[in-house]
Amino acid sequence: MSWTGFLSPSWAWLFLLIIPLVIVYFLKLKRPRFEIPSLVLWHSVINDQRVNSPFQRFRKHLLLWLQLAILLSLILAAMQPFLRGGPGSGNNLPILVDCSASMSAIDTRGGPTRMERAKERITELIDAALPGRICLIAVGAGARQLTEFTNNKRILAEALDTLTVRDVPGNLVDGLRMAQALARRETIGTVTLVSDGNFPDLQETADGQKIARVDVELPFKLQFEQLETDAVNMGITAFNARRQSAAGAANRLTPWDVFVRINGSPNDVTSGEVLLEQDGQEVGRQPIALEAGQSKRLVYSLQTSGVSRLTARIVSDGFDGLSSDNTAYLELPVSRSLLVWCDTDLQSYRHALQVFPDVTVYPNDDASGQPDVYDLAITETTKKANPNLEASVRLVIGAIPEDLAQLVTTRSGNSPVVDWNRSSLLLQHVNLDSIEIADEPVRGDDVLDQNFREAGYEILATGRSGPLVLARHAPGRQAFYLLFHTDRSTLPYRVGFPVLIKNAIDITRHAAGLAEVRGQPTRVLAPRLLDRNTTYTVAAPDSSTQTFRTGPDGLLSGVPAPRVGIYRISEDGSEVARVGAGVLDAGESSLASADLIEPRDEELRVSASTTQIDTDRPLWPTLAWIAFIVLLVEWWYFQRKTIRVSG
Amino acid sequence: MNTASSTNQLTTLLDNQALTRLERLRLQPNRRKTNRTQGEHASGKGGSSTEFADYRNYVPGDDVRFVDWNIFARLNRPYMKLYQYEEVMHVAILVDASNSMKFENKFERARQLAAAMGVTALMGVERVSAYVVGASGEPPRVMPPSSGRASMRRLFDFFERAECGGDAPIDGAVEAMLRRHRGRGMAIVISDFLTPASLARPFNLLYSAGLEIFALQVLGPTEIDPELTGDLRLVDSENGTTVDVSSIDELHGIYHEHREQLQEHVRRQSRTRNGRFLSISSEAPLDWVLFDLLQRQGWLK
């Protein structure tokens, strides 16, 4: 690749102007007339061989050469030469723009945000890369293509203007994968990434360098334009609450332990206060001082009588670079009993459930009716077999999911447990050794574990001939399938059985948010169970609204939450729910920057570049100045007093 | 200088003090090229002066008045006594009055030098004639041969009324002079010698006419050291032709070389014909030229 190039080489035809310039110069050269006694000596001087040597001929027309220099400078300026930098012009250049939360940080008090500086830098890159085609890709929690490949500067500028920071952790992998996809249909030599280098899961090497490892093969050269960073920050990285007592009723005060984790800058000491507000009232205030890279967890105790909304705020003593991570939200649910459906035929389960005081088991003799939705359903039938039974967590006993009918069947026979996942929430502390099972699930021929995973199931326990326990996780829904009937096994007589029930209750309690509540991070709102087939409007903190419709299951899911603040869910103008989202990401709050990006092929490591010299440097202003200066010299040379008149 | 009457100057060309000093000086030709007219220059043996020169054998037909009878009495053979001739020398003064002499006081200085040379010649009892040649094709202004102190006034008037202008080259001026001049002696040619033609032909003509060549070149300061810069269109004052010269300041060295070559050419042409050459600046002080330079160069004594 040449070190220089021209943006408008077509203007080279102007070099033809040299011919008329030379002709006009010699035709119209105006010299001051000077009368001398005789030309005899000057004739002999001019006829001297030395005077007529090529070099002397060259020198004696200084005015012509000055004019040629002016013309050449102007023509070259019109051709818009440039010193080739990193991106290179005349090619397809995707520019990945980091718009994660850390890009809203400011590094000096009153200074521009990193995003503002990034936009300036990108504008320079665009100017340098034109007339090559450029594609802008915003990299936040995911990658968004802002423009197609275009050399229309106006489109690129408009896209850049509309680009805003999203209060989410950056996902560099998504951005690189999008560039990878673009490289399949366009010729891409270089991809430029403009970022502060704050990527998730930075790893520090022995020599102190921070590496961002991305599991992507790069079919192009990645140029990492890192913005200079020097911010001090303190942010909330976790905001959780745990109910102190498992017991409780809706009409009683429920005690909660609230945990707020604060992370400081990796290189600076930070201090301030952390305020906790409950339904708008300040209920706690704790000072905090963090050493460099230190993290602290603050604990607050409070009681709630119903749904309570908590807000944690950081009031920094000094300069705080990132404001979006200074606030976090948490909604404490109302305390209530778990609603559990358990088939009447499953007496062993109903018996085991009786020991849990805050569990209401249905069907029962209570004439007040049955709820529409249960927290836990323990049943012998699958959802498809009993669609009217709605529950967040379903434990299916002795039935095979309909979509797995081709993969596994059940036959009579002895099926000892070969292995099980002891760390799974359902089977933790459950000993399945030496359990006799009369039903023997058998997987079909050539059916592998991968086929179950592809169907969305996780195998929790495996028998001799096939899986025994399966789990399926879906947004807002969890289902566990025991492919054998426990009544035809020795499990109900073992210690592990009540433990299994306890695990199911705990899973349910967590799913219902009754035991522990976690702060909602930005990106996507957690699925929420609302009315079925209903249209809801979600108003974001920046007053933008989006409309979503629940499905037959009543789940409102996939609601993007790119900004910190309160999201209001309303139906026909009336608010039905309110969710607060915070950054809650230690990586973003640390504002740490990667020194290297290491793709899958380690040889293609990309180091950060904070210098500005890699851009194409236009030379036309320099040439224009040269032309102007030469013009002044020529004017002086032409106008100066040349002779001493005598005679 | 035109205020001679008010200042009691004899001429506007030379002041009285310089004239007084000039009257004591004589021209110093290398060879005595004299005429048969009796004058003050000893021209060889066989003259009629009282200065004895030599003896020779008597041959029939010789004037017996010049037989040395004392020798005859002792040797009994007749010997002729020879006496030196004292003949007059003709001094022709040619002043170049072409346009090129207009510049930088050159013609004025040429007239002064011509008048000074004429004075020394007249005071040396020579026959002096003067020619001023300006335009080619026109007859030169001529002062007929004159001698004696009485002709001094005439000489001054001639040069005072001389005017400059024309395009006559110096070679043409010499030819125009020789068409009118008669007599042997010396030719004092005062010019800038800026001519494209070779000086061999006019100098040959002078030499063959029995004139010893005294070439006196008068150049202006600009011609000696042209302080010109930039790009110029030089115009010849005599014929109006032009030459475009660029970056003229870079050609000074070459110009000096060519000027010195021209001077060397004139000097060589003079010396090969037993003549003399001297180049002066028109700005050089006249007294220094007359009473220092010309005497040191042996032109005057």
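Rules used throughout
- Residues numbered from 1 in each chain as written.
- Chains lettered and ligands numbered in written order.
- Predicted model: local features only at pLDDT ≥ 70, side-chain atom pairs only at ≥ 80, totals over all residues.
- Heavy atoms only, no water.
- Helix = DSSP H or I, 4+ residues; strand = E, 2+ residues; numbered from the N terminus.
- Buried < 20%, exposed > 50% of the residue type's maximum accessible area, 1.4 Å probe, protein only.
- Contact = heavy atoms within 4.5 Å.
- Areas by Shrake-Rupley, 256 points an atom, 1.4 Å probe, with all protein chains shown as cover.
- Expected span 1.5 Å × (residues − 1).
- Pairing = 2+ DSSP bridges.
- pLDDT = per-residue confidence, 0-100.
- Axes fitted to C-alpha atoms, helices over the stretch in contact; angles between N-to-C directions.

Caption draft 1: Geometry of the overall build of chain B. Counting secondary structure elements, chain B contains ten helices and nine strands. A burial count over chain B gives 54% of its 301 residues as buried. Restricting the contact set of chain B to residue pairs at least 6 apart, pairs at least 24 apart contribute 75%. Only carbon and sulfur atoms are counted for the fraction: they give 46% of the accessible area of chain B, which is about 13400 Å².

Caption draft 2: Local environment of helix H5 (residues 114–129) of chain A. All names here are of chain A. Its 16 residues give H5 an end-to-end C-alpha distance of 22 Å, which sits within 8% of 22 Å, the value for a rise of 1.5 Å per residue. Taken together, the buried positions of H5 are Arg114, Met115, Ala118, Lys119, Arg121, Ile122, Leu125, Ile126, Ala128 and Ala129. The secondary structure elements touched by the buried residues of H5 are strand E4 (92–98), strand E5 (133–139), helix H6 (153–162), strand E7 (190–195) and strand E10 (221–226).

Caption draft 3: Up close: the pairing of strand E27 (residues 477–482) of chain A. All names here are of chain A. Most of E27 is tucked away, with five of its six residues classed as buried. Direction of pairing for strand E21 (residues 390–397) relative to E27: parallel, over a ladder of five bridges. Counted as the bridge partner of Val393 is Gln478 from E27. Between strand E26 (residues 467–474) and E27, which follow one another and run antiparallel, lie two residues, and Gly476 among them has a positive phi close to 80 degrees.

Caption draft 4: Main features of the side chain of B:Ser237. Within the secondary structure layout, B:Ser237 lies in the loop between strand E7 (232–236) and strand E8 (242–245). Look past the residues within four positions of B:Ser237 in its chain and what remains in contact with it is A:Glu35, A:Ile36, A:Pro37, B:Asn99, B:Ser100 and B:Phe103.

Caption draft 5: Quick peek at the confidence of the model for chain A. Mean pLDDT over chain A works out to 85, with 91% of the residues at or above the 70 mark. Taken as a whole, residues 641–647 of chain A scores under 50 in pLDDT and shows 20 contacts with residues more than four places along the chain or in a different chain.

Caption draft 6: Just the confidence of the model for chain B, in detail. All names here are of chain B. Residues of chain B with pLDDT of at least 70 account for 90%, and the chain-wide mean is 85. No element of chain B has a lower mean pLDDT than helix H1 (residues 4–7), at 50, and none a higher one than strand E9 (residues 276–281), at 94. A low-confidence stretch, residues 1–6 (pLDDT under 50), is modelled with nine contacts involving residues beyond four sequence positions or located in other chains. On the interface metric, ipTM, the complex scores 0.80, and its pTM is 0.52.

Caption draft 7: Structural detail: the sheet that holds E8(B). What the three strands build is an open sheet, ordered E2(A)-E7(B)-E8(B); its pairing is mixed. Since the sheet does not close on itself, it has two edges, and those belong to strand E2 (33–36) of chain A together with E8 of chain B, each with one partner. The average angle at which neighbouring strand axes cross in this sheet is 30 degrees, direction not considered. The pairing of E7(B) with E8(B) spans four bridges and is antiparallel. Note that in E8(B) the partner of B:Arg233 across the bridge is B:Asp244.

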